[in-house]
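If you want the building blocks of each chain, they are given just below.
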Amino acid sequence: MNKDTSTYNEMIRGVWMDLFRIVLKKTNKRKYSNSPGRDVIMVLLFVFLLPYVISCLWGHVGEESAILFRRTESEKEWIDENYEVEIIGQWGKKRLSMQDYLVEKLEMVMPKETESGILYEPEALKAQAVLLRTQLWSAIVSDREDGDGTSVTLQDDAFFHWEENPLTWEEECLYREAVCETDGIYLSYEGKPVKAAFFPISNGRTRNASEVMPGENYPYFAGTECERDLFASEYQSRLCVSKREYCRLMREIFDTDATEEALWDSLELSYDSAEYVMSVKWNGRSCSGEIFRDVFGLNSSSFRMEWGEEEVTFYVRGVGHGLGMSQYGANEKAVSGDTFDQILQDYFFQAELVKIE
């Protein structure tokens, strides 16, 4: 951990412990009548206490505050620092605490600058930090039979590439604050970490897991309205593909050598209730909407198609798979005043926030 990171952690520790020590005392609200005796007492108190007050203000106040600050450092322990993440990629290995990993990963999935110019709100960053921690905690819990239960190994080539452009001190503070203020918190359903799915922008509604993954038990993915996502600059996109390229990709998807005539304008698309393509069928064969959109490079599987004479046009809504939390929608909720727990409650039905013990 570098010096700047350590200094920031110390500052956060002090601030949090100071907040925990605030006690609001009740005051006696009885009204006293003015009396000469009371005035004399007040004057005497002022005269005798004035030197003490001056001494406190200009004497040892700084020293006393420093002592309190040092005490709070030893009293506050970060839960996230008790766990370790090992990153393995083609560039090598790296080990770091869960806290430091979450700070860097948070900036990867919610970058400070996006193509649409989004500036993420602190509460939206906190919500995302909780989901990233939930993913890690789920991996740690599942690996406990083979390991010590305090570390996890991840394959992540993108992590090493991302480190080529390290955060500035100011930028790191923004992301570290979101991680530290949600320290140890993850999202749980019936005593287990949820499948912490998220994506950039919905098509106006998130998907229901019972349709996307039939047979799987993810009742907290019930689908929710995301009306504000329609205002995202990347909400709509269009892609034109030539007939030749379209047929080449179709042969790849369905593993066939059929002619262009057989492949052209002969698809059957089925949609879920959120209007994402569930399956694409051709000549008795089928593939999922997610596979189809990935091969064609579409922003999402919420699309419709128009065939022309020599090209096909895809009209697409949203960005990402549509399951879980919309990052754009979460940010809009934060702008409106929602806290991170309220945001997560909207996207993960009946799930609850718990702390790692």
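Residues numbered from 1 in each chain as written. Predicted model: local features only at pLDDT ≥ 70, side-chain atom pairs only at ≥ 80, totals over all residues. Heavy atoms only, no water.

Q: Any chance you could break down unusual backbone geometry for me, citing the residues and the numbers?
A: The general pattern is negative phi for most residues beyond glycine and trans for most peptide bonds. Its identity as a non-glycine residue notwithstanding, E190 has a phi of 55 degrees, on the positive side. Among the structural elements, E190 can be located in the loop between β4 (185–189) and β5 (192–193). For E190, a relative accessible area of 63% corresponds to the exposed category. For E275, which is not a glycine, the phi torsion comes out positive at approximately 70 degrees. Since its relative accessible area comes to 44%, E275 is described here as partly exposed. (Helix = DSSP H or I, 4+ residues; strand = E, 2+ residues; numbered from the N terminus. Buried < 20%, exposed > 50% of the residue type's maximum accessible area, 1.4 Å probe, protein only.)

Q: Could you give an account of the sheet that holds strand β9 (residues 277–282), naming the residues involved and the relevant values?
A: The antiparallel open sheet is built from 3 strands, whose spatial order is β8-β9-β10. The sheet is open, and its two edges are formed by β8 (268–271) and β10 (285–288), each paired on a single side. Pairwise comparison of adjacent strand axes, ignoring direction, gives a mean angle of 20 degrees for this sheet. Across 4 bridges, the pairing between β8 and β9 is antiparallel. Bridge pairing in β9 places Y271 opposite V277. (Pairing = 2+ DSSP bridges. Axes fitted to C-alpha atoms, helices over the stretch in contact; angles between N-to-C directions.)

Q: Which residues make up the pattern of salt bridges, and what values go with them?
A: Overall, the coordinates contain 19 salt bridges when judged by the stated rule. A salt bridge links E104 to K94; the nearest nitrogen and oxygen atoms lie 4.0 Å apart. Remark: K94 occurs in strand β2 (residues 92–97) and E104 occurs in helix α3 (residues 98–109); sequence separation between them is 10 residues. Given a relative accessible area of 22%, E104 falls into the partly exposed group. (Salt bridge = Lys/Arg side-chain N within 4 Å of Asp/Glu carboxyl O.)

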